[in-house]
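Next come the chains, spelled out residue by residue.
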Amino acid sequence: MKKLYILLILCIAVSANGFAQSDVTKKADKLYEQLRYVDAAKAYEKLVTKGTRTQHVYTNLANAYYFNSDFKSAEPYYKRAIKRNPKAETLFRYAQTLKANGKYDLSNTVMNQFASAAPSDDRARAFKANPNYLEDIMGMKEGFTVEALPLNTEASDFAAQRIGDKIYFASARNAKRGNYGWNEQPYLDIYQADVDANGKPGKGTLLEGDVNTKFHEGTLDITPDGKYMFFTRVDYYKGDLEKANDGESKLNIYRALKAGGEWRDVKTTSLENQEYGVGHPSITKDGNTIYFASEAPGGMGGSDIYKATLKNGEITNPVNLGSPVNTSGDDSFPWIADDGTLYFSSNGHLGLGGLDVFMLKDGKVMNAGAPINSMADDFAFTYSDEAGKGFVSSNRKGGKGSDDIYSVSRIDICEVDVTVTAMDSKTNMPIAGAIVSLQDGDGNTMPGQTTDANGQAMFKVECEKELTARGAKNKYESGEAMLTLTKDPKASVNVMMEPIEEVVIVEDKIILNKIFFDLDKANIRPDAALELDRLVGLMNKYPKLEVMAETYADIRGNDDYNLALTQRRAQSIIDYVISQGIDSSRLQAVGRGEANPVVDCNGKKCSEAEYELSRRSEFTITKR
């Protein structure tokens, strides 16, 4: 049901039908264009059974399942639809479908096809820049627990938010409403539930007043003074259902006034427009700004996130947030926390599958990680940093209905704010734009960050850990420094980096700084990418140069495992270099496992430093 609330999906559903229609498919196509996806899927299935198996039928059938998050049913039809000159968006949806079904390797293969078909798409560029992003997200330490709320039903329940002593949410549980053809569930209403002393919501009841109608109402927020409610409703006002030129009724933001304990006097807002959707209001703590999603013309892709001025119940001066928040995908469900952190959901940023929850803080977009996110759609995240509690909606496995509401609770752990400063060893000046990272004694590495104008980046790390801080930047030797954390809330470390000139070649070997990998992983870290960029520069300078990348392990661990791990690492190196524009025919990946150790540790106890010498990558020139 949440796909109604991505807004642009209404237009996507129509515009996606770009293949040639015929009299044979006319009935199914009409159901599809009317957004009656349950009925459309049945009609296309009958066509397939009777032998009408065209790319047009397969694509629309797959989309009909995709738009209702039935990824298992969508997968085989996308597989058939992409066999001959597929559209880029079909490839993207197929990749998303595979990821939602847990087939990550195949999803990455299809994402590479998507990136080739749409190389300028920001989703393609993000993937090519970090093809191993899934390992980074899955390696994040879990900071929350999630638990399904008892108030969930077999219908869609989502978008919960606590305001005062009540929880408000959207639900399709009202059997008295007519069914919506998209998914054959009742139209959505807004519900509320009282919260007990332990923060547990009671049974939801239909919101009284003038807000709910026979059509859709959903996400909402209330001004801090409790005077106004802004909410999402299909374009239905004073008994008239408005329709756009494409024949569909769009979503819009309406305003209600609190009167006599009920929400009355519903009015349109300045954001109302019959031709495109607007929804998901979220109001700042001071009540002066409202965030929302919109498919207004001039946006970056599907639905984009905006903010506007809010004063005396009136909305003015809407502004598109632009990059890095918005993408060429769907960015929606904004929620602005009291501390100024913007949370939102997106399928345009790199995630675990479907919609993922992201946060914008200090100008950087970050995936919220598991268990907030899953392989399925995760959206409508609301959270109080002060209370450490919130809600997320999801159609993940194990739920009661198609969409369910989950409570979110922060795991309180002892953490230290660690400031890492990259320094030029010759001038003793800070280095801006360096990639710095932290690795603990178990080999776990936090995602790298880029240093600011003062050469600094900050990390939150668990207390009482032994850490290695590393830094890398073009034209510098990689540097590292050790740091021991206590329970003190703050710590700092300087990483000294020596300036270098061009890549050194000794006989047939290209000498680079050490390429570091996370423990038991093969993804290319940002610091390693910077070092490999030096190799890319050399190969661009000498276009006939061909190179073999060899990676080695130490003797600890299973022989077969180490061989497979080094092969994956060598291949990741090559994949990264290819992603930077070097032709694959000039590159070769070879994993050597435990072969040719720098220090022979068989039969003797080696130090960690000696083992480290054997764990290496070498770059051999095979043709000049």
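Residues numbered from 1 in each chain as written. Predicted model: local features only at pLDDT ≥ 70, side-chain atom pairs only at ≥ 80, totals over all residues. Heavy atoms only, no water.

## Here we look at the pattern of salt bridges
Then, number 1: Per the counting criterion, the structure on display carries 28 salt bridges.
Then, number 2: Salt-bridge contacts for Asp385 lead to Arg410; the nearest nitrogen and oxygen are separated by 3.4 Å. Remark: Arg410 occurs in strand β24 (residues 404-410) and Asp385 occurs in the loop between β22 (378-384) and β23 (389-394); sequence separation between them is 25 residues.
Then, number 3: When its relative accessible area of 30% is taken as the criterion, Arg410 is described as partly exposed.
Then, number 4: Ionic contacts of the salt-bridge type, sharing partners, join the residues Lys509, Glu550, Arg592, Arg616 and Glu618 into one network. (Salt bridge = Lys/Arg side-chain N within 4 Å of Asp/Glu carboxyl O. Helix = DSSP H or I, 4+ residues; strand = E, 2+ residues; numbered from the N terminus. Buried < 20%, exposed > 50% of the residue type's maximum accessible area, 1.4 Å probe, protein only.)

## Considering helix α10 (residues 526-541)
Then, number 1: Relative to the 22 Å expected for 16 residues at 1.5 Å per residue, α10 spans 23 Å between its end C-alpha atoms, a close match to the ideal helical length.
Then, number 2: Of the residues making up α10, those classed as buried are Asp527, Ala528, Ala529, Leu530, Glu531, Leu532, Arg534, Leu535, Val536, Leu538 and Met539. (Expected span 1.5 Å × (residues − 1).)

## Here we look at the state of the cysteines
Then, number 1: Under the criterion given, the structure shown has 2 disulfides.
Then, number 2: Covalently, Cys414 is tied to Cys463 through a disulfide, its sulfur atoms 1.7 Å apart. Taking the sign of the S-S torsion, -75 degrees for the link of Cys414 and Cys463, the bridge is left-handed. Of this pair, Cys414 sits in the loop between β24 and β25 (415-424) while Cys463 sits in the loop between β28 (456-462) and β29 (466-472), placing them 49 residues apart in sequence.
Then, number 3: Given a relative accessible area of 37%, Cys414 falls into the partly exposed group.
Then, number 4: Among the residues examined, Cys463 registers a relative accessible area of 10% and is labelled buried.
Then, number 5: Paired through a disulfide, Cys601 and Cys606 show a sulfur-sulfur distance of 2.0 Å. As the torsion about the S-S bond is roughly -105 degrees, the Cys601-Cys606 disulfide counts as left-handed. Cys606 carries the same exposure label as Cys601, and that label is buried.
Then, number 6: Look at the protein chain and number its bonded cysteines as they come in the sequence; the links are 1-2, 3-4. (Disulfide = S-S within 2.5 Å.)

## Remarks on the side chain of Lys99
Then, number 1: Its place among the elements puts Lys99 in helix α6 (residues 88-100).
Then, number 2: Buried charged residue Lys99 carries no salt bridge. Nearest counter-charge: Asp356, at 6.9 Å.
Then, number 3: If we skip the residues at most four places from it in the chain, Lys99 touches Tyr104, Ser107, Tyr133, Leu134, Gly351, Leu352, Gly353 and Met375. (Lys, Arg positive; Asp, Glu negative; His and termini not counted. Contact = heavy atoms within 4.5 Å.)

## Let's talk about the pairing of strand β19 (residues 342-346)
Then, number 1: Taking burial as the measure, the 5 residues of β19 include 5 buried ones, the bulk of the element.
Then, number 2: Of the two faces of β19, the one holding Leu342, Phe344 and Ser346 and the one holding Tyr343 and Ser345 are both buried throughout.
Then, number 3: Where strand β18 (residues 331-336) meets β19, 4 bridges bridge the pair, whose relative direction is antiparallel. Residue pairing for β19: Trp335 is matched across the bridge by Tyr343.
Then, number 4: Connecting β18 to the antiparallel partner β19 that follows it, the hairpin turn spans 5 residues, and Gly340 within it adopts a positive phi of roughly 90 degrees.
Then, number 5: Both β19 and strand β20 (residues 356-361) contribute to a ladder of 5 bridges, which runs antiparallel. Counterpart to Ser345 in the pairing with β20 is Val357. (Pairing = 2+ DSSP bridges.)

## Quick look at the sheet that holds β20
Then, number 1: One open sheet holds the 4 strands; their spatial order is β18-β19-β20-β21, and the pairing between them is antiparallel. Strand pairing shows two members of the sheet lacking a second neighbour, β18 and β21 (364-367), which therefore form its edges. Averaged over all pairs of adjacent strands, the angle between their axes in this sheet comes to 30 degrees, without regard to strand direction. (Axes fitted to C-alpha atoms, helices over the stretch in contact; angles between N-to-C directions.)

## A closer look at the environment of Leu538
Then, number 1: With respect to the secondary-structure elements, Leu538 resides in helix α10.
Then, number 2: Put simply, Leu538 and Ser425 are 113 residues apart on the chain and 25 Å apart in space, counted from C-alpha to C-alpha.
Then, number 3: Setting aside residues up to four positions removed in sequence, Leu538 forms contacts with Val503, Ile505, Ile510 and Leu545.

## Some remarks on the packing of aromatic side chains
Each aromatic ring pair is characterised by the separation of its centres together with the angle its planes make.
Then, number 1: For the structure shown, the criterion picks out 26 aromatic pairs.
Then, number 2: Their ring planes at 20 degrees and their centres at 6.4 Å tell us that Tyr65 and Tyr77 sit as a pair that is stacked. Placement of Tyr65 in helix α4 (residues 55-66) and of Tyr77 in helix α5 (residues 71-81) is noted, with a sequence separation of 12 residues between them. Comparing Tyr65 with Tyr77 shows no difference in burial state: the two are buried.
Then, number 3: An angle of 25 degrees between the planes, with centres 6.0 Å apart, marks the rings of Phe344 and Phe358 as stacked. One end of the pair, Phe344, is in strand β19; the other, Phe358, is in strand β20, with 14 residues separating them in the sequence.
Then, number 4: A residue is classified by how much of its surface remains accessible, and Phe344, at 1% relative accessible area, is buried. (Phe/Tyr/Trp six-rings, centres within 6.5 Å; stacked < 30°, edge-to-face > 60°.)

## Notes on the sheet that holds β29
Then, number 1: Overall, antiparallel pairing links the 4 strands, which are arranged β27-β26-β29-β30 in an open sheet. With partners counted over all chains shown, the strands left at the sheet margins are β27 (449-450) and β30 (479-484), one partner each.
Then, number 2: Note: strand β26 (residues 435-440) against β29, 6 bridges, orientation antiparallel. Bridge pairing in β29 links Ser437 to Arg470.

## Describing unusual backbone geometry
Then, number 1: In this structure, Pro324 follows Ser323 across a cis peptide bond, with omega equal to 10 degrees.
Then, number 2: The residue after Ala370, namely Pro371, is reached through a cis peptide bond having omega 5 degrees.
Then, number 3: In this structure, Pro371 sits in the loop between β21 and β22.
Then, number 4: At Lys238, a position not held by glycine, the phi torsion is positive, near 55 degrees.
Then, number 5: You can see Lys238 is positioned in the loop between β10 (236-237) and β11 (240-241).
Then, number 6: The exposure class of Lys238 is exposed, given its relative accessible area of 70%.
Then, number 7: The phi angle at Phe333 is positive, at roughly 50 degrees, despite the residue not being glycine.
Then, number 8: For Phe333, the location among the structural elements is in strand β18.

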